[in-house]
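In case you want the letters, here they are:
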Amino acid sequence: MIRKIKNIFMLGTPKTTYVFQALPSGHLEHLYYGPLLGDFSEKTDEELLQDAKCLEEKRAFPAGNMISYDQEHMDLTLEDLRLEMSSLGKGDIREPFLEITHADGSVTSDFLFEEARITDEKPEFHTLPGSLFGSREGQEQKCTENFCGERYSHLILTLKDASYDLRLELHYYVFEDCDVITRSSRLVNDSDEAVVLNRLMSMQLDFEDSGYIMSTFHGAWAREMYRSDVPIVSGKIVNSSNAGSSSNRSNPFVMLHREDTTESSGLCYGLNLIYSGNHYEAAEVNSFGKTRFVSGINPQNFSFILSPGDEFEAPEAVMTCSDEGYTGMSLSMHHFVREHISRGVWKHKARPVLLNSWEASYFKINENRLLRLAKAGKDVGIELFVMDDGWFGERNGDDCSLGDWDVNRSKLPGGLKQISEKMEELGLRFGIWVEPEMISRRSRLYEAHPDWAMQIPGKPHSEGRNQMILDLANPEVVDYLIAKMSEVFSSGKISYVKWDMNRIMSDVYSPALPPERQGETAHRYICGFYRLAKALTEKFPEILFEGCAAGGCRFDLGALCYFPQIWASDDTDPVMRTRIQQGYSYGYPASVMTAHVSASPNHQTLRETPLDTRFNVAAFGTLGYELNLNDLGKKELDEIRKQIALYKEWREVFQFGDFYRGRFDNIVEWTVVSADRKRGVGMMLQKLTEANHPFEMYRARGLNEGSRYHFYNIAKRHDIRDFGDLINTAAPVHVRQGSILQNMIARFVTMPGEQEEIETNGAVLMKAGVKLQGAYCGTGYNENTRYFADFNSRMYFMEEEKTSR
Ligand code: GLA
């Protein structure tokens with residue numbers, strides 16, 4: 001909902017309020033963004049004006065040695081004013097919203113309010129992806145000049161520079177269904193001289209106070225999304241990427257919250273950017289204890305020449321706020337991503353359980369091998385087989401052939417057509433791996449078009465993973481890739497594409513751009529990537545695209561506008577995955593996060609973990625398998641078959657349910673609950689076990705307090721070998737560990753596992769928690785003992801009883 005009264009603008013969602021005003025000077029003063037200040041559709045104009053008066057900062061005289069804006073507004077000191085956008089040079093010395101070098105060399109700008117417009121339309125951006133408004137069905141409200149009560153509404157403000165002929169648009173989009181407000185900005189050069197844009201942020205949020213904790217998510221390859229909490233009490237904290245992609249080093253999603261915010265209580269802002277390139281999020285506390293937060297394209301190594309008549313659009317920034325802690329915030333973000341970022345055929349469609357060839361065979365693939373693997377997959381319930389890297393050119397390692405997207409006939413004699421048809425005969429859908437944006441120096445494409453690689457002509461180039469990046473800032477390269485990839489995707493029955501991007505940028509330079517425009521390269525690259533992704537996803541709407549960038553090096557809302565899911569990390573170790581997936585879960589829902597069960601010892605950590613733990617963690621994302629099933633024994637295959645069957649039964653809940661974090665220390669506790677709260681699954685994982693620690697409990701979240709639930713686990717039997725030589729406490733003859741005798745006994749004797757089975761109501765499950773069967777603690781074992789060694793985990797199921805009120 002948007003309401004304008006005189007110079008006051010109010011934006012509201014069911015749980016949040018956003019207010020600002022245009023001052024007589026033309027500056028936009030931010031007044032409030034936070035938990036709901038009451039339903040303003042019911043208040044009179046006079047009441048609302050009084051509310052605004054309460055929020056507005058009172059000024060008397062300029063304090064100290066600050067700059068007064070002008071003679072007419074001596075008390076207006078921009079340095080200390082909360083602003084919706086801040087120009088550079090008129091006294092506000094904090095992080096600016098924009099920086100422009102004008103034709104006369106000046107860098108001072110002063111954008112002042114001109115006019116406002118309210119609409120229920122959200123037009124597409126020209127160069128970037130954006131969120132989508134949902135359906136307006138059943139809405140009777142109409143937008144008027146000063147009010148829009150529809151579920152989705154849009155406020156456009158136009159500002160003009162006081163001295164130069166430049167126009168700035170600030171856009172606010174309100175999503176009532178998920179308590180999200182997004183912002184974007186657009187600069188238009190109406191003058192007859194070129195200007196250089198050095199920064200244009202997407203959003204700015206000025207708080208009256210400080211002491212917020214800024215949570216950011218950092219990492220590296222195979223170690224994505226580790227949460228870091230830093231209090232902002234003075235100075236500036238920056239979260240940014242200069243890697244060319246949004247990066248695994250610093251994800252664009254951040255949280256601002258209070259020290260005492262918890263999962264379920266306290267103030268929490270969630271902020272993200274719909275952009276896949278170099279991003280920048282800075283929080284700065286000024287000398288008056290006020291915090292400014294800005295986010296947008298990273299201004300480092302960025303400049304954009306705007307010729308007369310040109311415009312530049314900044315990516316859309318996403319904001320949500322909750323006083324129900326991190327969970328309140330993340331549930332809104334998840335809803336927003338599922339409903340307004342994900343799109344197309346796969347938006348709400350259950351994602352298939354896939355088997356990927358990478359960790360099973362790496363580059364050693366050929367049709368027979370793949371078909372054998374696929375057949376084993378089919379036998380356990382796999383729905384889609386993915387042929388990963390290695391199928392094209394001379395690709396037997398990572399040092400060649402990127403760009404040569406022609407099938408390697410010695411590996412796949414009948415091409416993509418034949419192998420995909422054979423997969424279909426097996427009853428499987430078929431997918432392939434591509435890395436369209438890359439080029440190997442050792443490739444035919446590079447021989448033909450060395451100028452298509454992003455590199456500084458005549459200068460040495462630093463490579464990553466033995467590869468270079470194609471210059472997507474060059475439209476000719478993008479056109480070529482649209483054509484080439486279209487050919488590949490139509491050359492067989494291809495249902496899925498894993499779109500990888502394995503290196504970050506270095507020696508950033510577009511041979512297609514003149515020297516003075518090189519500051520545009522990184523951004524133009526991202527726009528080129530979006531044009532490519534848009535063309536291909538629109539041309540092949542049925543294909544399920546999975547984004548990937550060496551795992552999660554481009555896991556962001558921009559990529560998610562095209563790819564319904566992204567490979568979250570190359571790290572498939574379940575213990576590390578708990579931290580990685582937990583990190584993602586603050587800003588992103590499970591439906592977009594893919595997770596695979598892989599071999600043990602794990603290929604990234606060499607850690608050994610039980611098969612059920614690998615499944616239990618991967619199931620809290622979009623599930624796949626990535627290991628050589630042909631090397632597994634019957635027992636493991638049977639277990640995998642059961643896992644897949646179980647996942648299919650609960651798939652809707654795992655992929656599209658509401659996700660809740662519980663404890664995260666030595667114990668990791670997660671719960672996912674269906675939208676109607678009738679079905680839930682809990683997961684509890686223990687990192688390291690401790691002797692004599694029999695007690696443990698699981699606390700659910702997200703259920704209906706008053707409903708009765710059947711709470712249970714699926715009891716399993718344990719391998720006698722897991723008890724080592726303790727077997728001798730019961731065996732009539734001595735059994736040596738690792739002996740043939742022990743292996744023989746293990747074939748016939750297993751140890752019982754505990755059964756949890758309770759009927760109780762949601763309030764008990766959530767408030768008190770279930771006290772679980774006692775764990776093994778060194779003194780005895782029977783069928784009620786919970787075997788809970790290092791890296792063990794459990795899944796608990798909760799189903800509402802039919803008789804529930
Ligand atoms: C990246 C991906 C992996 C795999 C390899 C293939 O590392 O993240 O999953 O596809 O590339 O080269």
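Residues numbered from 1 in each chain as written. Predicted model: local features only at pLDDT ≥ 70, side-chain atom pairs only at ≥ 80, totals over all residues. Heavy atoms only, no water.

Please explain the sheet that holds strand 7 (residues 147-148) as it appears in this structure.
Sheet strands pair via backbone hydrogen bonds, and the direction of the pair is either parallel or antiparallel. What the five strands build is an open sheet, ordered 4-3-2-1-7; its pairing is antiparallel. Strand pairing shows two members of the sheet lacking a second neighbour, strand 4 (28-35) and strand 7, which therefore form its edges. When strand 1 (residues 2-5) meets strand 2 (residues 8-12), the two strands line up antiparallel, connected through four bridges. Following the sheet pairing, lysine 4 is matched in strand 2 by phenylalanine 9. Contacts from helix 1 (residues 45-55) reach strand 1, strand 2, strand 3 (16-22) and strand 4, with the element oriented near 85 degrees to strand 1. (Pairing = 2+ DSSP bridges. Helix = DSSP H or I, 4+ residues; strand = E, 2+ residues; numbered from the N terminus. Contact = heavy atoms within 4.5 Å. Axes fitted to C-alpha atoms, helices over the stretch in contact; angles between N-to-C directions.)

How should I be thinking about the nonpolar core in this particular structure?
Residues Trp391, Ile432, Phe489 and Tyr625 are the most contacted members of the largest nonpolar core, which totals 191 residues. In terms of residue count, helix 8 (residues 521-539) provides more of this core than any other element does, nine residues in total. When residues no more than four places from it in sequence are discounted, the contact partners of tryptophan 391 are Ile365, Trp405, Val407, Asn408, Leu412, Leu416, Ile432, Trp433, Val434 and Val488. (Core = buried A, V, L, I, M, F, W, Y, C linked by side-chain atoms within 4.5 Å. Buried < 20%, exposed > 50% of the residue type's maximum accessible area, 1.4 Å probe, protein only.)

Would you mind going over the environment of alanine 763 with me for this structure?
Secondary-structure assignment places alanine 763 in helix 14 (residues 762-768). Not counting residues up to four positions away in its chain, the partners in contact with alanine 763 are Asn704, Glu705 and Ala768.

Honestly, the side chain of lysine 347 in this entry has me stumped. Any pointers?
Structurally, lysine 347 can be placed in the loop between helix 2 (325-341) and strand 22 (354-356). Of the side chains with opposite charge, glutamate 339 comes closest to the buried, unpaired lysine 347, at an N-O distance of 4.1 Å. Only 2.7 Å separates the side chain of lysine 347 from the backbone oxygen of glutamate 339, close enough to count as a polar contact. If we skip the residues at most four places from it in the chain, lysine 347 touches Arg338, Glu339, Ser342 and Phe656. (Lys, Arg positive; Asp, Glu negative; His and termini not counted. Salt bridge = Lys/Arg side-chain N within 4 Å of Asp/Glu carboxyl O. Polar contact = N/O pair within 3.5 Å; in protein donor to acceptor, adjacent residues only side chain to side chain.)

How do you make sense of the pattern of salt bridges when you look at a structure like this?
Close approach of charged atoms lets side chains of opposite charge pair. Summed over all chains, the structure comprises 59 salt bridges. Of the charged contacts in the structure, one is a salt bridge between lysine 534 and glutamate 538, with a shortest N-O distance of 3.1 Å. With lysine 534 and glutamate 538 both in helix 8, this residue pair falls four residues apart, about one helical turn. Overall, the relative accessible area of 53% leaves glutamate 538 in the exposed class. Across the salt bridge formed by lysine 767 and glutamate 705, the nearest N and O atoms sit 3.2 Å from each other. Within this pair, whereas lysine 767 is found in helix 14, its partner glutamate 705 is found in the loop between strand 35 (697-698) and strand 36 (708-712), the two being separated by 62 residues in sequence. With a relative accessible area of 40%, glutamate 705 lands in the partly exposed category.

Help me understand a negative patch on the surface, please; the structure alone is not making it clear to me.
The grouping of Asp104, Asp165, Asp192 and Glu193 at the surface amounts to a negative patch. Note on aspartate 104: relative accessible area 55%, which makes it exposed. (Patch = residues over 30% accessible without salt bridge, like charges linked within 9 Å, V, L, I, M, F, W, Y side chains within 5 Å. Areas by Shrake-Rupley, 256 points an atom, 1.4 Å probe, with all protein chains shown as cover. Charge placed at Lys NZ, Arg CZ, Asp CG, Glu CD.)

Looking at this structure, I do not really get the site of the ligand. What am I missing?
Residues in close proximity to the ligand total 13 residues, the closest being Asp388, Asp389, Arg465, Lys498 and Asp570. Between an oxygen atom of the ligand and a main-chain N or O atom of glycine 551, the distance comes to 3.1 Å. Protein chains bury 97% of the 300 Å² of accessible surface belonging to the ligand in isolation. Residues of the shell around the ligand, tallied by class, amount to five nonpolar, two polar and six charged. (Near = heavy atom within 4 Å. Nonpolar A, V, L, I, M, F, W, Y, C, P; charged D, E, K, R; others polar.)

Got a minute to help me understand the sheet that holds strand 22 in this structure?
If you trace the eight strands once around the closed barrel, you get 22-23-24-27-28-29-30-31, paired in parallel fashion. Taking the axes of each pair of neighbouring strands and ignoring which way they run, one obtains an average angle of 30 degrees across the sheet. As judged from the three bridges shared by strand 22 and strand 23 (residues 384-387), these two strands associate in the parallel manner. When the sheet's bridge partners are listed, leucine 355 is paired in strand 23 with phenylalanine 385. Contacting strand 23 and strand 24 (429-434), helix 5 (residues 415-426) crosses the sheet at an angle of about 140 degrees to strand 24. Of the strands in this sheet, strand 24, strand 27 (496-499) and strand 28 (544-547) are in contact with helix 7 (residues 475-489), which crosses strand 24 at around 150 degrees.

What am I meant to see in helix 5 here?
One turn of an α-helix holds 3.6 residues; hence residues three or four places apart share an orientation. For helix 5, with 12 residues, the first-to-last C-alpha span of 17 Å sits near the 16 Å given by 1.5 Å per residue. Residues Gly415, Leu416, Ile419, Ser420 and Met423 constitute the buried set of helix 5. For helix 5, the buried positions fall inside an angular range of 165 degrees around the axis, keeping them on one side. Contacts made by the buried residues of helix 5 are with helix 4 (367-380), strand 23, strand 24 and helix 7. (Expected span 1.5 Å × (residues − 1). Arc of directions from axis to C-beta.)

Where do I start with the packing of helix 4 against helix 5 in this structure?
The axes of two packed helices give the description: the angle between them and the distance between them. Running from amino to carboxyl end, helix 4 crosses helix 5 at an angle of 20 degrees, the nearest separation of the two axes being 10 Å. Taken together, the axes of helix 4 and helix 5 are roughly parallel relative to one another. When you trace helix 4 past helix 5, the crossing you get is right-handed. Taking contact as the criterion, the partners of Glu367, Leu370, Leu371, Ala374, Lys375 and Lys378 in helix 4 are, on helix 5, Gln418, Ile419, Lys422, Met423 and Leu426. Of the residues that constitute the contact of helix 4 with helix 5, the class distribution is six nonpolar, one polar and four charged. (Parallel < 35°, antiparallel > 145°, perpendicular 65-115°, else oblique. Left-handed = near helix turned anticlockwise from the far one by under 90°.)

Got a minute to help me understand the packing of helix 7 against helix 8 in this structure?
Running from amino to carboxyl end, helix 7 crosses helix 8 at an angle of 25 degrees, the nearest separation of the two axes being 10 Å. When the interaxial angle is binned, helix 7 and helix 8 end up roughly parallel. Judged by the sense of rotation from one axis to the other, the crossing of helix 7 with helix 8 is right-handed. Taken together, the residues of helix 8 that come into contact with helix 7 (itself represented by Pro475, Val478, Asp479, Leu481, Ile482, Met485, Ser486 and Phe489) are Gly528, Arg531, Leu532, Ala535, Leu536 and Lys539. Looking at the contact of helix 7 with helix 8, its residues break down into nine nonpolar, two polar and three charged.

When you look at the pairing of strand 36 in this model, what are you seeing that I'm missing?
The side chains of a regular strand alternate between the sheet's two faces. Of the pairings in the sheet, the one linking strand 36 to strand 39 (residues 757-761) comprises five bridges and is antiparallel in character. Directly across from tyrosine 712, in strand 39, lies its bridge partner glutamate 757. By the bridge criterion, four bridges tie strand 36 to strand 41 (residues 793-800) in an arrangement that is antiparallel. Bridge pairing in strand 41 places tyrosine 709 opposite glutamate 800.

Even after reading the chapter, I still don't get the side chain of aspartate 206, so can you show me in this structure?
As for its placement among the helices and strands, aspartate 206 is situated in strand 11 (residues 195-207). Overall, aspartate 206 belongs to the buried group, its relative accessible area being 1%. There is a polar contact of 2.8 Å between the side chain of aspartate 206 and the backbone nitrogen of leucine 83. A distance of 2.8 Å separates a polar atom in the side chain of aspartate 206 from a polar atom in the side chain of arginine 292.

What is the right way to look at the state of the cysteines in this model?
What makes a disulfide is a covalent bond joining the sulfur atoms belonging to two cysteines. Using the criterion set out here, one finds one disulfide in the structure. Shown here is the disulfide that connects cysteine 143 with cysteine 148, its sulfur atoms set 2.2 Å apart. Across the S-S bond linking cysteine 143 and cysteine 148, the dihedral sits near -45 degrees, which makes this disulfide left-handed. Residue cysteine 143 is classed as partly exposed on the basis of its relative accessible area, which comes to 24%. On the basis of relative accessibility, which here comes to 0%, the residue cysteine 148 falls in the buried class. Of all cysteine sulfurs in the structure, the one in cysteine 553 sits closest to cysteine 548, which takes part in no disulfide; the separation is 9.8 Å. (Disulfide = S-S within 2.5 Å.)

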